[in-house]
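An overview of the molecular structure
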Amino acid sequence: MTPLTRWQLIVGKLLPYAAIGVIDIFLVVAVAIYWFQVPMRGSLVLLLALSLVYILNTLGIGLFVSTISKTQQQAMMTAAFFFMMPMIYLSGFVFPIENMPAAIQPVTYLIPLRYYLVIVRGIFLKGLGFGALWPQAAALLGLGCAILGIAVWRSRKTAS
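First things first, this report covers the structure right here in the doc. As the structure is a computational prediction, the values presented were derived from the model and not from experiment. (Residues numbered from 1 in each chain as written. Predicted model: local features only at pLDDT ≥ 70, side-chain atom pairs only at ≥ 80, totals over all residues. Heavy atoms only, no water.)

This part covers helix 3 (residues 72-90). Compared with an ideal rise of 1.5 Å per residue, which puts 19 residues at 27 Å, helix 3 spans 26 Å between its outermost C-alpha atoms and is within 8% of the ideal. In the structure, helix 3 departs most strongly from a straight axis at A80, where the bend amounts to approximately 35 degrees. Turning to helix 3, its buried residues number three or more, namely A75, T78, A80, F83, M87 and L90. Considering only its buried residues, helix 3 is in contact with helix 2 (44-68) and helix 4 (112-126). G92 lies just past helix 3 and shows a positive phi near 95 degrees. (Helix = DSSP H or I, 4+ residues; strand = E, 2+ residues; numbered from the N terminus. Expected span 1.5 Å × (residues − 1). Bend = angle between axes of the 7 residues up to and from the residue. Buried < 20%, exposed > 50% of the residue type's maximum accessible area, 1.4 Å probe, protein only. Contact = heavy atoms within 4.5 Å.)

Given below as structure tokens:
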């Protein structure tokens, strides 16, 4: 038993992973710029802010998977097959969304990585600002709040 509310407990669980995500963002950006010589044309602050919104999505998905899984192995398999594989293949990262079958294209709107890839490419390579990227940012924020809300709703405080 703990005097913490459900939200406080979940924030306490997710905050370390969010911090690791932010560190990863800085590492990836540094490697892209200094090792691969990819020019950063847009705002690093905007990229970081919108990356935090993407981290909200991934943490929400992780928390949701933990609420529907009974074991760590089941959670890993669920995440790999039902979330990570579709995110990779349906996001436009591997295959252009325009080349996907028409029946599959609407499903891609449920994939947070779809929006984040547009944001990263827009900021990093094209130098776009928030004015051009707000539709992707709004979709990413909406999906993140929805999945995190569902995950919080499904979670329960237990002794284990």
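Let us now look at the environment of Y115. The residue Y115 is located in helix 4 in this model. Residue class for Y115 comes out buried when judged on its relative accessible area of 11%. Sequence spacing of Y115 and S155 is 40 residues, and the spatial spacing of their C-alpha atoms is 27 Å. In contact with Y115, other than residues within four places in its own chain, are Y109, Q136, A139, L140 and L143. Polar side-chain contacts of Y115 include one of 2.8 Å to the backbone oxygen of Y109. (Polar contact = N/O pair within 3.5 Å; in protein donor to acceptor, adjacent residues only side chain to side chain.)

Inspection of the secondary structure assignment puts R114 in helix 4. The spatial distance from the C-alpha of R114 to the C-alpha of G92 is 6.2 Å, given a sequence separation of 22 residues. Those residues in contact with R114, other than ones at most four positions away along the chain, are S91, I97, Q105, T108 and Y109. A distance of 2.5 Å separates polar atoms of two side chains, one belonging to R114 and the other to T108.

Here the focus is the packing of aromatic side chains. Overall, the coordinates contain four aromatic pairs when judged by the stated rule. For the pair W35 and F36, a centre-to-centre distance of 5.9 Å together with 10 degrees between the ring planes defines the contact as stacked. Residue class for W35 comes out exposed when judged on its relative accessible area of 64%. With relative accessibility at 57%, the residue F36 sits in the exposed group. Consider the rings of Y54 and Y116, whose centres lie 4.3 Å apart with planes at 10 degrees: the pair is stacked. (Phe/Tyr/Trp six-rings, centres within 6.5 Å; stacked < 30°, edge-to-face > 60°.)

No statement about biological role is implied by the geometric values presented.
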